[in-house]
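Structural features, examined
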Amino acid sequence: MEAESEPYVRLATMRQLHQAVADLNTARSLADTLQTVADGIVTGLGYELGCVNLVRPDGDLVIAAFAGNAAAEALITGRVGSRASWERRLSMGEAWDQLRFIPHTEGWVLLDDDVPQWHTEGPEPRFEDEWHPLDRLYAPMYASGGGRDLLGVISVDRPRNGRRPGAWGREALQMYASQAAIAISNARLRANMQRALVRLEREQQALRASEESFRQAFEYAPSGMAIAEMGGDQQGRLLRTNDALCRLLDRPVSVLRRYSFADLVHPEDIGTLLRTSAEGGRAELRLSRRDGTYLWVSLRNSVVADTADGPRFLLTHVEDIEERKRHELNLAHRASHDALTGLPNSAELKSRIGARLCERPGSPAATAIEALDAAYGDVESSLAHSYQADGYEGESVPAGGFYDHHVHALAPDAEHDDGTKGLAVLFCDLDGFKSINDRFGHHTGDAVLIEVARRLSTCVRDGDTVARLGGDEFVVLADGLGAADAADLAVRLRNAIIPPIRVDGRAVRVGASFGIGWAECGMSVEEVLRSADQRMYVEKRSRSKVHRRAG
């Protein structure tokens, strides 16, 4: 059960991390951003204490935000530690990629330096990875652009589970520190831009003085910046872009001025762009590069208005988030797929089955209606339009629409082939796998599982699902099959598994028992899998009896 629950724990951690990162973009000022970073450590990463140490212009680090303990916050917020002491800390202990962990056995020498500290006494750890009150874990934050300019350091204490973070927790903290550094840099940039925009609204003399400040902030911003026209025949055309945006999209300034963002956005994201352009605000979408590839960016619009004529242009900040999106996709894949075989895991399998089921059992009549609906187009939307055009705006379209568009999953009749096609669930259990594991070791067993997964995957159609439940159990989902089709598929899959598998120069064999179940509306996911599992054991016992009689 622990192994099955791990994907759910990872998904929950990823959601909390995603929410904490999203909250960073809602802060309105640098102070709000710093406090949001500290709060996210406590609410999103599972630590009881979180502290943000920010580099000052003179190089020393000041405690700019604290979360988790009001007494500690009042005592040490605003206090300063020297740069030399911090550099000493960031060179001690154990390097966890970009993180720095100093165990209590080494950190006692830091008790008397000038870095503000808050800690409590505690007992010695009872086991190897237990967290000690004097353990220290730091996540440095560096400025974007590929350099090593230190912006600050996140320090955390007292994980809620009482243990030192594992690989998953370390990756989450490191990713959060990277996003926090971007949020702090952007907050500083937004503050500078807002001050420049306020100066633009003042009298002519102040406007001329602030133009140079705005130009420098715009041209030399580390993120992409653009000014686009609002209104008129050339709505959205880019009037001005900085070098960072040109590098980001791999297009020269002269070329970009021929386009609007609507010309560059991915077709699937055009609606998001139009809503953001009209309302201002922030959106995540894809923009095309010169080589035809698309890049994920965070786009933030500010509507710059003239008091007399209304909106004049859009000031757009474009930030490269390709790496974060790749991390999110990677984390999502790892949470929903088996680490050994790469197949969908138990959680993903249940999700895919559940997507096809509803609480109401299906019926042939409902299927016929759906077939007619599919043949004659979107009748519901046409009727709904006529329903209102005939003067019945006060009435509402019946709940659930005129027709139920859900295609009910039905189970074919095993006795009589009536042409019904359904979602077949083939439960596979390997025969003889345990003896291979016991005799040759887990390395050989793992290699067998990987090869079985490959053979199963090559025998199914595109759109079918091969998943690993755990151990030596696999499940195949194949839609649109009749009873005979499913039986034929089980034979093909079994025949694909039977040939010898070579591991380290040794040939080993496994067999397979298959149970065929059907996903049918009105059943739960657990009932579907239990039915296929039971039929697999019936088939396994019957094959064993045949072997005994044959012997």
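Residues numbered from 1 in each chain as written. Predicted model: local features only at pLDDT ≥ 70, side-chain atom pairs only at ≥ 80, totals over all residues. Heavy atoms only, no water.

**Let's talk about the sheet that holds strand β15 (residues 473–481)**
Judged by pairing direction, the sheet is antiparallel, and its four strands sit side by side in the order β14-β15-β13-β18 without closing on themselves. Looking at strand neighbours, the two that pair on one side only are β14 (465–470) and β18 (511–519), the edges of this open sheet. Put simply, the sheet's adjacent strands are angled 25° from each other on average, direction ignored. Across the sheet, helix α18 (residues 483–497) is in contact with β13 (422–431), β15 and β18; its angle to β18 comes to roughly 155°. (Pairing = 2+ DSSP bridges. Helix = DSSP H or I, 4+ residues; strand = E, 2+ residues; numbered from the N terminus. Axes fitted to C-alpha atoms, helices over the stretch in contact; angles between N-to-C directions. Contact = heavy atoms within 4.5 Å.)

**Brief notes about the confidence of the model for the protein**
Per-residue confidence for the protein gives a mean pLDDT of 81, with 80% of residues at or over 70. Low pLDDT (under 50) marks residues 363–403, which in the prediction has 26 contacts with non-local residues, meaning those over four places away or in another chain. Throughout residues 546–551 the model reports pLDDT below 50, and contacts reaching past four residues in sequence, or to other chains, amount to zero contacts. (pLDDT = per-residue confidence, 0-100.)

**Observations regarding the pairing of strand β2 (residues 61–67)**
Along β2, six of the seven residues are buried, which leaves the element largely enclosed by surrounding structure. Two elements, strand β1 (residues 47–55) and β2, share six bridges in a ladder whose sense is antiparallel. Looking across to β2, one finds that Asn53 is bridged to Ile63. Counting the residues between successive antiparallel strands, the hairpin from β1 to β2 contains five residues, one of them, Gly59, with a positive phi of roughly 100°. Sheet analysis places β2 next to strand β3 (residues 80–81), joined by two bridges and oriented antiparallel. By the bridge assignment, Leu61 is partnered in β3 with Gly81. (Buried < 20%, exposed > 50% of the residue type's maximum accessible area, 1.4 Å probe, protein only.)

**Examining the packing of aromatic side chains**
Within this structure, the stated rule accounts for three aromatic pairs. With centroids separated by 5.3 Å and ring planes inclined at 75°, the aromatic side chains of Trp86 and Tyr138 adopt a geometry described as edge-to-face. Taken together, the positions of Trp86 in helix α4 (residues 83–89) and Tyr138 in strand β6 (residues 136–142) put the pair 52 residues apart, joining distant regions of the chain. Here Trp86 and Tyr138 have matching classes, each one buried. (Phe/Tyr/Trp six-rings, centres within 6.5 Å; stacked < 30°, edge-to-face > 60°.)

**Observations concerning the side chain of Arg300**
With respect to the helices and strands, Arg300 occurs in strand β11 (residues 294–306). Despite its burial, Arg300 pairs with no opposite charge, the nearest such side chain being Glu319 at 6.3 Å. Residues in contact with Arg300, not counting those within four places in the same chain, are Asn25, Arg190, Gly281, Arg282, Leu315, Thr316 and His317. (Lys, Arg positive; Asp, Glu negative; His and termini not counted. Salt bridge = Lys/Arg side-chain N within 4 Å of Asp/Glu carboxyl O.)

**A closer look at empty space enclosed by the protein**
Throughout the structure, instances matching the rule amount to four cavities of 30 Å³ or more. Considering only enclosed or pocket space, the largest cavity measures out at about 320 Å³ in volume. Along its surface, the largest cavity is lined by 23 residues, and Gln117, Trp118, Tyr138, Ser155 and Asp157 are the ones closest to its centre. Elements that contribute at least two residues to the lining of the largest cavity include exactly β1, β2, α4, β6 and β7 (150–159). Looking at the lining of the largest cavity, the element that brings in the most residues is β1, giving four residues. Of the residues contributing to the lining of the largest cavity, the split by class is 14 nonpolar, five polar and four charged. There is about 80 Å³ of room inside the second largest cavity. The wall of the second largest cavity is formed by Val21, Leu24, Asn25, Gln179, Ile182, Ala183, Asn186, Arg282, Ser298, Glu319, Ile321 and Arg324. Counting residues per element, the lining of the second largest cavity draws most heavily on helix α6 (residues 167–200), at four residues. A breakdown of the residues in the lining of the second largest cavity according to their chemical character gives five nonpolar, four polar and three charged. (1 Å grid on protein atoms, 1.4 Å probe; cavity = no way out; pocket = protein on both sides within 12 Å on 5 of 7 lines; lining within 4 Å. Points joined across faces, edges and corners; volume = space filled by probe spheres on them. Nonpolar A, V, L, I, M, F, W, Y, C, P; charged D, E, K, R; others polar.)

**Considerations on the pairing of β13**
Strand residues, when the strand is regular, have side chains that alternate between the two faces of the sheet. Burial within β13 is extensive, with nine of its ten residues counted as buried. When β13 meets β15, the two strands line up antiparallel, connected through seven bridges. What sits directly across from Ala424, in β15, is Ala478. Bridging between β13 and β18 involves nine bridges; their strand directions are antiparallel. What sits directly across from Ala424, in β18, is Trp518.

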